[in-house]
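Breakdown of the fold
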Amino acid sequence: MTELTELVGTWMRRQRWYSTKNVEPRLRLLASFDAEPSDADVRIVTHFFCDDAPRTPRMYQVPVVARPERDGDEAAFIGEAGGRYLYDGPTEESYVAALVQLMTGQDRAEGREAHAQGHTLGERLALRSSRRLTGEQSNTSIVGELEDGRRALIKVFRVVQDGENPDVSTLAALTAAGSRRTPSLLGWLTGRWPTADGGTASGELALMQDFVPGAEDGWELAVSAAERGEDFTDRAHQLGSGTAELHRLLAKALPTAPASKEDVALALDGMFRRLTVTTTEVPEVEELRAGIAAVYEEAAAAPLPLLQRIHGDLHLGQVLFSPERGWQFIDFEGEPLRPLAERALPDATMRDVAGMLRSFDYVAGSLARRETPVDASAWAADARKAYLEGYASVAGTETDDFRQLLDAFELDKAVYEIAYEARHRPAWIPIPLAAVQRLLATRVG
């Protein structure tokens with residue numbers, strides 16, 4: 001398998017979902033399983049590669065379609081091995097059809113030290129055609145047309161981890177509860193594979209959900225409106241009320257828990273660690289450190305809400321606006337940099353609210369960074385206010401009752417953004433830095 005490992009390593013380095021940038025992969029093939037193809041000339045194999053290049057080894061799922069002829073998508077061509085031409089599975093309809101069959105037929109695929117099992121909340125489904133979407137990073141998404149005429153969004157997880165993926169478990173609970181704010185989960189695939197240290201791991205490999213027709217990306221919609229100076233307050237109010245509706249349903253569908261001293265200490269420790277990193281990398285934040293720390297300490301001493309499942313990484317890029325369904329919430333994986341085991345833990349709803357408030361701020365900030373700057377600061381302030389009013393229209397006084405916590409989460413998010421921009425886009429540091437200064441000045445005022 002040395003030839004295959006070398007081919008995949010060279011190809012993987014160029015993929016947007018390869019998570020260790022500027023480092024050459026050092027792969028080990030640990031396991032594989034076969035899926036039943038619809039075409040007898042094609043072989044479909046899902047491989048599990050361990051990448052030893054990062055400090056903490058990562059496991060990748062790499063579905064491969066082996067064809068007798070080189071007639072597939074050249075952009076998805078991995079290489080030639082054993083007289084067969086290898087292509088990235090999600091670009092091949094034969095792989096997608098087999099995946100849909102596995103997910104919704106509740107079939108099982110066996111292989112060398114690995115296997116996969118399908119699960120569904122509905123009926124058995126079959127694929128008619130498929131199209132891979134571009135622009136994905138951590139995962140690969142595919143739009144599939146099903147035999148019954150419906151369309152589905154299929155997501156293949158590239159980096160796989162041991163444990164429950166909240167993108168599946170959250171959406172499954174919401175679908176079972178009759179959510180109108182999220183696409184319905186149609187099926188998913190779980191798997192079991194060896195770990196880098198010789199153990200065994202299990203988790204989700206892929207999911208399929210209802211496709212939202214005619215939907216617009218929330219970030220693009222907001223940026224377009226701000227650029228033209230169009231009023232966005234009605235949309236922001238609806239988004240706020242929709243967020244509160246989502247939170248209420250999550251609290252009914254999944255476990256809740258009172259916040260313990262350990263929860264508070266863990267959250268506070270994370271905030272101060274991020275603050276220390278940021279002050280080290282961006283000295284301008286040092287003079288703000290005392291004020292930020294005071295907000296964190298005040299939030300830790302204030303009354304805390306009941307903890308519950310939340311979205312975990314909420315911003316305008318995680319919502320769609322549908323003319324028929326209104327705002328729809330997607331991508332429940334949580335923050336990609338957090339360990340998978342932490343992402344499904346009960347958390348405070350104010351974390352989601354803070355994330356969306358920061359997203360409105362970034363709309364204005366991104367427009368201000370253009371060659372022809374657009375001052376959308378008033379637009380963002382109005383959108384933030386309308387969003388909070390919309391949230392309160394469903395959740396009552398929650399944002400007022402837990403204002404100290406909301407302020408702490410928003411500051412924490414902005415502090416993290418400063419460090420991120422310092423590493424990747426230094427010219428953008430003024431966006432989150434101004435937010436920190438504004439938030440602290442507002443509290444003093």
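Residues numbered from 1 in each chain as written. Predicted model: local features only at pLDDT ≥ 70, side-chain atom pairs only at ≥ 80, totals over all residues. Heavy atoms only, no water.

**Things to note about the overall build of the protein chain**
In plain terms, the rule: To qualify as a helix, a DSSP run of H or I must reach at least 4 residues; to qualify as a strand, a run of E must reach at least 2; elements of each kind are numbered from the N terminus. In this setup the radius of gyration rests on C-alpha atoms only. A globule is expected at 2.2 Å times the number of residues raised to 0.38. Exposed residues in this analysis have more than 50% of their type's maximum accessible area, buried residues have under 20%, and partly exposed residues fall in between, with area computed by a 1.4 Å probe over protein chains only. Any pair of residues with heavy atoms lying within 4.5 Å of one another is described as a contacting pair. Values of accessible area rely on a 1.4 Å probe in the Shrake-Rupley scheme; residue burial ignores everything except the protein chains shown.
A tally of helices and strands in the protein chain yields 13 helices and 16 strands. Compactness check: the protein chain gives a C-alpha radius of gyration of 23 Å against a globular reference of 22 Å for 445 residues, within 12% of the reference. With respect to the principal axes defined by its C-alpha atoms, the protein chain has extents near 70 × 50 × 45 Å. By the burial criterion, 52% of the 445 residues in the protein chain qualify as buried. At a minimum sequence separation of 6, the contacts of the protein chain that also span at least 24 residues come to 65%. When the accessible surface of the protein chain is totalled, it reaches about 20000 Å², and 49% of it is carbon and sulfur.

**Side note on the side chain of H311**
Condition: Counted as a polar contact is a pair of N or O atoms within 3.5 Å, where, for protein atoms, one must be capable of donating a hydrogen and the other of accepting one, and residues adjacent in sequence contribute only when both atoms are in side chains.
Following the sequence through the fold, H311 ends up in the loop between α7 (289-301) and β15 (319-322). Its relative accessible area of 1% is what places H311 among the buried residues. Looking at H311, its side chain comes within polar contact range of the main-chain nitrogen of D313, at 3.1 Å. Once residues within four sequence positions are removed from consideration, H311 is found in contact with L250, Q318, I330, D331, F332, G334 and D352.

**Concerning the environment of E245**
Within the fold, E245 resides in helix α5 (residues 233-253). Judged by its relative accessible area of 30%, E245 is partly exposed. Those residues in contact with E245 that lie beyond four places of it in its chain are R181 and V394. In this structure the side chain of E245 is engaged in a polar contact, spanning 2.9 Å, whose partner is the side chain of R181.

**Topic: unusual backbone geometry**
In the Ramachandran plot, E113 falls in the positive-phi region, its phi being about 65° despite a non-glycine side chain. Of note, E113 is situated in the loop between β6 (108-112) and β7 (115-120). With a relative accessible area of 56%, E113 lands in the exposed category.

**Things to note about the sheet that holds strand β14 (residues 216-217)**
Quick note on the threshold: Here, strands pair whenever DSSP counts at least two bridges between them.
Pairing within the open sheet is antiparallel, and its three strands lie in the order β14-β15-β16. Each edge of the sheet is formed by a strand with only one pairing partner; in this case those strands are β14 and β16 (326-329). In this sheet, β15 lies alongside β14 in antiparallel orientation, the contact comprising two bridges. When the bridges of β15 are listed, D217 appears paired with L320.

**Quick notes on the pairing of strand β9 (residues 139-146)**
Counting buried residues in β9 gives seven out of eight residues, a clear majority hidden from the surface. As paired elements, strand β8 (residues 127-132) and β9 share five bridges and run antiparallel to each other. The residue bridging S129 from the neighbouring strand is E145, located in β9. Of the pairings in the sheet, the one linking β9 to strand β10 (residues 151-157) comprises seven bridges and is antiparallel in character. Looking across to β10, one finds that I142 is bridged to I154. Counting the residues between successive antiparallel strands, the hairpin from β9 to β10 contains four residues, one of them, G149, with a positive phi of roughly 95°.

**Comments concerning the packing of aromatic side chains**
Rule in force here: Two rings belonging to Phe, Tyr or Trp (six-membered ring only in the last case) form a pair when the distance between their centres is within 6.5 Å. Interplanar angles under 30 degrees mark stacking, angles over 60 mark edge-to-face geometry, and anything in between is tilted. Remark: a charge is flagged as sitting over a ring if the NZ atom of Lys or the CZ atom of Arg is within 6 Å of the ring centre and within 35 degrees of the ring normal.
Per the counting criterion, the structure on display carries 15 aromatic pairs. For the pair F33 and F48, a centre-to-centre distance of 6.1 Å together with 45° between the ring planes defines the contact as tilted. Here the residue F33 occupies a position in strand β1 (residues 27-35), and F48 occupies one in strand β2 (residues 43-51), the gap between them amounting to 15 residues. Like F33, the residue F48 is buried in the burial classification. Centroid distance Y416 to Y420: 6.4 Å. Interplanar angle 35°. Geometry classified as tilted. On the criterion of helical spacing, the pair formed by Y416 and Y420 is a turn pair, its members being four residues apart in helix α12 (residues 403-424). With a relative accessible area of 36%, Y420 lands in the partly exposed category. An aromatic cluster of at least three residues, connected via ring pairs, comprises W11, W17, Y18 and Y60. Of note, R67 hangs over the ring of Y87, and the distance from its end group to the ring centre comes to 5.9 Å. When the ring centre of W428 is taken as origin, the NZ or CZ atom of R425, which lies over that ring, is 3.9 Å away.

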